[in-house]
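Understanding the architecture of this molecule
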Amino acid sequence: NAGVTQTPKFRVLKTGQSMTLLCAQDMNHEYMYWYRQDPGMGLRLIHYSVGEGTTAKGEVPDGYNVSRLKKQNFLLGLESAAPSQTSVYFCASTLAGGYHNEQFFGPGTRLTVL
Amino acid sequence: AQSVTQLDSQVPVFEEAPVELRCNYSSSVSVYLFWYVQYPNQGLQLLLKYLSGSTLVESINGFEAEFNKSQTSFHLRKPSVHISDTAEYFCAVSPMDSNYQLIWGAGTKLIIKP
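Residues numbered from 1 in each chain as written. Chains lettered and ligands numbered in written order. Predicted model: local features only at pLDDT ≥ 70, side-chain atom pairs only at ≥ 80, totals over all residues. Heavy atoms only, no water.

A word on the overall build of chain B. For chain B, the count of helices and strands is zero helices and 12 strands. Starting at the N terminus, the α and β elements of chain B follow one another as β-β-β-β-β-β-β-β-β-β-β-β. When its C-alpha atoms are laid out on the principal axes, chain B stretches across 45 × 30 × 25 Å. Once local pairs closer than 6 in sequence are excluded, the contacts in chain B between residues at least 24 apart make up 56%. Counting every atom, chain B has about 5500 Å² of accessible surface; 49% of that belongs to carbon and sulfur. (Helix = DSSP H or I, 4+ residues; strand = E, 2+ residues; numbered from the N terminus. Contact = heavy atoms within 4.5 Å. Areas by Shrake-Rupley, 256 points an atom, 1.4 Å probe, with all protein chains shown as cover.)

For the coordinates displayed, the defined rule picks out 13 aromatic pairs over all chains. When the ring of Tyr 31 of chain A is compared with that of Tyr 33 of chain A, the centres are 6.4 Å apart and the planes differ by 45°; the resulting orientation is tilted. Residue Tyr 31 of chain A shares its accessibility class with Tyr 33 of chain A, and that shared class is buried. When the centroid spacing of 5.4 Å and the interplanar angle of 45° are considered together, the rings of Phe 63 of chain B and Tyr 89 of chain B count as tilted. Taken together, the residues span a long stretch of sequence, with Phe 63 of chain B in the loop between strand 7 (56–58) and strand 8 (64–68) and Tyr 89 of chain B in strand 10 (residues 87–95) at a distance of 26 residues. Take Phe 63 of chain B and Tyr 89 of chain B: they sit in the same class, and that class is buried. Taken together, the ring pairs in this structure connect Tyr 31, Tyr 33, Tyr 35, Phe 90 and Phe 105 of chain A together with Phe 34, Tyr 36, Phe 90 and Trp 104 of chain B into an aromatic cluster. Positioned above the aromatic ring of Phe 14 of chain B, the side-chain terminus of Lys 113 of chain B is 4.2 Å from the ring centre. (Phe/Tyr/Trp six-rings, centres within 6.5 Å; stacked < 30°, edge-to-face > 60°. Buried < 20%, exposed > 50% of the residue type's maximum accessible area, 1.4 Å probe, protein only. Lys NZ or Arg CZ within 6 Å of the ring centre and 35° of its normal.)

Inspection of the entire model under this criterion finds two disulfides over all chains. At a sulfur-sulfur separation of 1.8 Å, the disulfide partner of Cys 23 of chain A is Cys 91 of chain A. Note on the Cys 23 of chain A and Cys 91 of chain A pair: the S-S dihedral is about -75°, so by sign convention the disulfide is left-handed. In this pair, Cys 23 of chain A is assigned in strand 3 (residues 19–25) and Cys 91 of chain A in strand 9 (residues 87–94), connecting sequence segments 68 residues apart. Comparing Cys 23 of chain A with Cys 91 of chain A, the two get one shared label, buried. Residue pairing for Cys 23 of chain B: its cysteine sulfur links by disulfide to Cys 91 of chain B, the two sulfurs lying 1.9 Å apart. (Disulfide = S-S within 2.5 Å.)

Further remarks concern the pairing of strand 5 (residues 31–38) of chain B. All names here are of chain B. Counting buried residues along strand 5, eight of its eight residues qualify, which places the element largely inside the surrounding structure. Residue alternation in strand 5 divides its side chains into two sets, Val 31, Leu 33, Trp 35 and Val 37 and Tyr 32, Phe 34, Tyr 36 and Gln 38, and both sets are buried. For strand 5 and strand 10, the ladder comprises eight bridges, and the chain directions are antiparallel. Directly across from Gln 38, in strand 10, lies its bridge partner Glu 88. Taken together, the six bridges between strand 5 and strand 6 (residues 44–50) define a ladder with antiparallel strand orientation. Within the sheet, the bridge partner assigned to Gln 38 lies in strand 6 and is Leu 44. (Pairing = 2+ DSSP bridges.)

Printed below as a string of structure tokens:
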């Protein structure tokens, strides 16, 4: 049982390049989340999904797109990377409505945009 | 709108000394409360949570937190810290009228001095 995994672990992009971050969970969780973590700002929700085929915007969705084609996978895309998107990205999942269930986190992806 | 304030960005403390990490929140609805811990270069993991019942909750590694509704606080305490407690600690709340959302504090780095 691997829990929540993220690929890649590190990535350096040039401004304007695109990339996709992959999150996978093997716990059969319904809800999945993408956060970004910046120093002194805690975690900010980018997008989330309440089930296969559904996605919704979080607090800071601009510049990102997501897809949830399979229940176990949640992809985060950057179409045209900007230096402001330099951050650590975390994926999380939870079994059902998140407030009473623990969110399980992946190890993170450290992204640098030059 | 809800918000979470962690008053201290860093807390240095000597090993075996007690520590308190402060968390205050603002919400127009009732909330569930969480503390997560992030060890260096890792993802976040749940430390403890308050959903209902006794206002004092404990973790398996000696931390405890007390929900104080009148002061809208959920401070985290440990009577004697160990070097292995070095980490960043995040307070989060989940409004009871939201089934997906966690509102995060900015985090407090606990620095253990030998």
